[in-house]
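Residue-level structure breakdown
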Amino acid sequence: MNLPANTQVAIVGGGQAGLAMSWLLKERSIDHVVLERHGIAHEWRHARWDSFCLVTPNWQCRLPGHPYDGTDPHGFMLKDEIVAYLESYVVSFQPPLFTQTAVQQLRPVADGYALQTSAGSITAKQVVVATGGYHTPIIPRAAERLPASVLQLHSAQYRNPQSLPPGAVLVVGTGQSGAQIAEDLHLAGRQVHLAVGTAPRSPRFYRGRDVTDWLTDSGYYDIPLQEHPQGEAVKEKTNHYLTGRGGGREIDLRRFASEGMRLYGRFEGVQEGRVLFGDDLAANLDRADESCERIRASVDAWIASQQIDAPTEPAYIAPWHPAADAPRTLDWQTEGVTSIVWSIGFGADYRWLQAPVFDGRGQPVHFRGVTPQKGLYFLGLPWLNTWGSGRFADVAADARHLLAQIESAPA
């Protein structure tokens, strides 16, 4: 199939967001193409570790025309199952998908947009950018001060404990990826040193149900960004750490510490053969616990307001506390650290998109995915509208909103 010279709508990105948009456009018989730099489910297949699984239950996988229909709706799909879910989605409706087709430049022209791709040029009346917001792995400049003998990986490159050289491992960052990778290494018997940041934690199951179920019933996940109590600031918050591994469970860094994992404060740099950490370990652990307790309290309030008969649970008791003189440096040679996994996130890279729709930080300006540039939209970004916007849960709702914009645009 050759790339056409023009189309009504070009979708840039063939992940779950781009495919959801394509399903809706195809249902309306709107001419379009999906341009995917790599292949189907590339990020799920190649940028996740071997034991990776969803942290949201399977029932939340509800792409348009393709809701989860397996036998374990309250389970958590493993990486290969996620890939299979997306592959079956493509088979189910045969989108006009062009894989191995990188968009190298997009610019406005008189009658829409011109896209230069690795497979040739194409023009489109309207464009949906569905590439997500996680493009460039972040590794701090301080990493350059580490010797070549220490293997350095970003979380997107980590696969399993066996792929790392023998010895202790330093994991930097405690968002979902960092906390889960630290657990993966810990369960494999590796000595883990963990730089703990400000990421919050969440309960997994509480008062007889997955917390996701409680928060769905209470309407929390339906709160739009403009009505959220934290406002725009919620977009900058790191995701709560927890896991779907082994049927789902909480991740408690204090428990890991009581089992031998070494915890430190936030990473601050490298100097004279040592890794430096902040004096904030206790504060970061306390804030994570407070976040977990706030979620539990919100569930309690919902149960009480609805007069639901649900089992009660005892208050959380911390199994470990850092010493007042907790170490703030790590001598990697003395401690036998042979590898570091950087889990401090990704940056956005929209250099190919030549349109005036970005703020001073390089982030797209939009309202529910609609930009000030006529006919240019974003889809699949975290908190595009609600908590589930960047997830399988609610990308369909956002795509339907954009569909209405696309259909109402002048021909």
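Residues numbered from 1 in each chain as written. Predicted model: local features only at pLDDT ≥ 70, side-chain atom pairs only at ≥ 80, totals over all residues. Heavy atoms only, no water.

This part is about the overall build of the chain. For the chain, the count of helices and strands is eight helices and 21 strands. In summary, the chain has a C-alpha radius of gyration of 23 Å against a globular reference of 22 Å for 411 residues, a match within 12%. Put simply, the chain has 411 residues, and 51% of those count as buried. Restricting the contact set of the chain to residue pairs at least 6 apart, pairs at least 24 apart contribute 70%. Accessible surface for the chain amounts to roughly 18,600 Å². Of this, 50% is attributable to carbon and sulfur atoms. (Helix = DSSP H or I, 4+ residues; strand = E, 2+ residues; numbered from the N terminus. Rg over C-alpha atoms; globule rule 2.2 N^0.38 Å. Buried < 20%, exposed > 50% of the residue type's maximum accessible area, 1.4 Å probe, protein only. Contact = heavy atoms within 4.5 Å. Areas by Shrake-Rupley, 256 points an atom, 1.4 Å probe, with all protein chains shown as cover.)

Moving on, we come to the sheet that holds strand E12 (residues 192-195). With respect to topology, five strands assemble into an open sheet ordered E10-E19-E11-E12-E15, the strand pairing being parallel. Because the sheet does not close on itself, it has two edges, and the strands there are strand E10 (151-154) and strand E15 (262-264). Strand-to-strand, the axes of this sheet are offset by a mean angle of 20°, without reference to chain direction. Two strands pair when backbone bridges link them, and E10 and strand E19 (residues 337-342) are joined in this way by four bridges, in the parallel orientation. By the bridge assignment for E19, His154 is matched with Trp342. On the sheet, helix H4 (residues 176-187) packs against strand E11 (168-172), E12 and E19 and is oriented at approximately 165° with respect to E11. (Pairing = 2+ DSSP bridges. Axes fitted to C-alpha atoms, helices over the stretch in contact; angles between N-to-C directions.)

So, about the environment of Gly15. With respect to the helices and strands, Gly15 occurs in the loop between strand E1 (6-12) and helix H1 (16-27). Between the alpha carbons of Gly15 and Gly208 there is a distance of 34 Å; along the sequence they are 193 residues apart.

Quick look at the pairing of strand E7 (residues 112-117) now. With five of six residues buried, E7 lies mostly within the body of the structure. Pairing analysis gives six bridges linking strand E6 (residues 103-109) to E7, with the strands arranged antiparallel. Each bridged residue has a counterpart across the sheet, and for Leu106 the counterpart in E7 is Leu115. Adjacent in sequence and paired antiparallel, E6 and E7 are bridged by two residues. As paired strands, E7 and strand E8 (residues 120-129) are joined by five bridges and run antiparallel to one another. Its bridge partner being in E8, Tyr113 is matched across the sheet by Ala124. Where E7 hands over to E8, the hairpin turn is made up of two residues, counted between the paired strands.

On their own, these measurements won't tell you what the molecule is for.
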